[in-house]
Every structure is written in C-alpha cells, then in structure tokens.
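# Structural characterization, general
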Amino acid sequence: QVQLVESGGGLVQPGGSLRLSCAASGTISSPYVMGWYRQAPGKQRELVANIGSVGNTNYVDTVKGRFTVSRDSAKNTVYLQMNSLKPEDTAVYYCYVIRLGIYYWGQGTQVTVSS
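This write-up is about the structure you can find in this document. (Residues numbered from 1 in each chain as written. Predicted model: local features only at pLDDT ≥ 70, side-chain atom pairs only at ≥ 80, totals over all residues. Heavy atoms only, no water.)

From N to C terminus, the protein includes zero helices and 11 strands. For the protein, the α and β elements follow one another from N to C terminus as β-β-β-β-β-β-β-β-β-β-β. The C-alpha radius of gyration of the protein comes to 13 Å, within 12% of the 13 Å expected for a compact globule of 115 residues. By principal-axis analysis of the C-alpha atoms, the protein measures approximately 40 × 25 × 20 Å. Every one of the 115 residues in the protein was classed for burial, and the buried ones make up 44%. Considering only contacts in the protein between residues 6 or more positions apart, those separated by 24 or more positions represent 52%. Of the roughly 5900 Å² of accessible surface on the protein, a fraction of 50% belongs to carbon and sulfur atoms. Between the mean site of the 10 positive side-chain charges and the mean site of the 6 negative ones, the protein shows a separation of 4 Å. (Helix = DSSP H or I, 4+ residues; strand = E, 2+ residues; numbered from the N terminus. Rg over C-alpha atoms; globule rule 2.2 N^0.38 Å. Buried < 20%, exposed > 50% of the residue type's maximum accessible area, 1.4 Å probe, protein only. Contact = heavy atoms within 4.5 Å. Areas by Shrake-Rupley, 256 points an atom, 1.4 Å probe, with all protein chains shown as cover. Lys, Arg positive; Asp, Glu negative; His and termini not counted. Charge placed at Lys NZ, Arg CZ, Asp CG, Glu CD.)

Quick look at the packing of aromatic side chains now. Taken as a whole, this structure holds five aromatic pairs when the rule is applied. Their ring planes at 70° and their centres at 5.3 Å tell us that Tyr 37 and Trp 105 sit as a pair that is edge-to-face. With Tyr 37 in strand β4 (residues 33-39) and Trp 105 in strand β10 (residues 102-105), this residue pair connects regions lying 68 residues apart in the sequence. Residue Tyr 37 is classed as buried on the basis of its relative accessible area of 18%. (Phe/Tyr/Trp six-rings, centres within 6.5 Å; stacked < 30°, edge-to-face > 60°.)

As a further point, take the sheet that holds strand β3 (residues 18-26). Strands pair in a sheet through their backbones, by hydrogen bonds, and they do so in one of two ways: parallel or antiparallel. Judged by pairing direction, the sheet is antiparallel, and its four strands sit side by side in the order β1-β3-β8-β7 without closing on themselves. The strands lining the two open edges of the sheet, one partner per strand, are β1 (2-7) and β7 (67-72). Mean inter-strand twist for the sheet, computed between neighbouring axes without regard to direction, equals 15°. Inspection of the sheet shows β1 paired to β3 by six bridges, in the antiparallel sense. Paired with Val 2 across the two strands is Gly 26, which belongs to β3. (Pairing = 2+ DSSP bridges. Axes fitted to C-alpha atoms, helices over the stretch in contact; angles between N-to-C directions.)

In this section: the side chain of Asp 89. Its location among the elements puts Asp 89 in the loop between β8 (77-82) and β9 (91-99). A distance of 2.8 Å separates a polar atom in the side chain of Asp 89 from a polar atom in the side chain of Arg 66. Not counting chain neighbours up to four residues away, the residues in contact with Asp 89 comprise Arg 38, Arg 66, Phe 67, Ser 84, Val 111 and Val 113. (Polar contact = N/O pair within 3.5 Å; in protein donor to acceptor, adjacent residues only side chain to side chain.)

For the rest of this paragraph, the subject is the pairing of strand β11 (residues 109-113). With burial as the criterion, only one face of β11 is covered, namely that bearing Thr 109, Val 111 and Val 113; the residues Gln 110 and Thr 112 on the opposite face remain uncovered. Relative to β11, β9 runs antiparallel, the two being bridged by three bridges. Directly across from Ala 91, in β11, lies its bridge partner Val 111.

If you want it as structure tokens, here you go:
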C-alpha cells in the first residue's frame, strides 16, 4: 500500500504563486511515476503534470511555462510549483503515484485563484 499526503493549497490572487507538496509513504520504491491531476467544479479530472523516475516530465498545454513539477526521490516527495496563476486554475489538485500499474491518490487540496 502507498499513502499520499498533500499540502500547500489555498487562496491566491491572479498572477500569484503556490507550491504544492505530496509525500508518499508505505510500500514504495522506484521506478514509479508521480504527478498531479486536478478537477474543477463541473469538469472532468485532468492530468496537470507528472514526472518519471528518471526526471522526465509531461505537462498539459494550459500550464506549460507556468507550472513546474519536480521530485525528491530520497524523500518520495513530488512538488508542483505554480506561477502566474489564473482563475481557470481553480480546482482541487490531487497527487498520484503509479506503481506496478496501480494508481494511488492523495486526498486532494483546494487551489482557488481569485481577486
């Protein structure tokens, strides 16, 4: 089993920044993918960004150039640095891990971008 604990969400003004963190514990070992999905009200959950065990990254087009995903494998932690935030980034952000083909999810953290 893998447990994920997220932190770092909150309320921020447009143009501001937030950093999300997600720490994984339990039966986890490389290689595995870590990343973030988000779900806005009335919308489907979408992949925001992920990072593989060798540091390869993927981003949804709408966040490229503004968000950066990174990981500290020694701490089993993934981060999402979000800059130049827009109101349309408002959503619940979910951390996830894929290990041996199984998805594990965090509890979600709310990010609200509003003036």
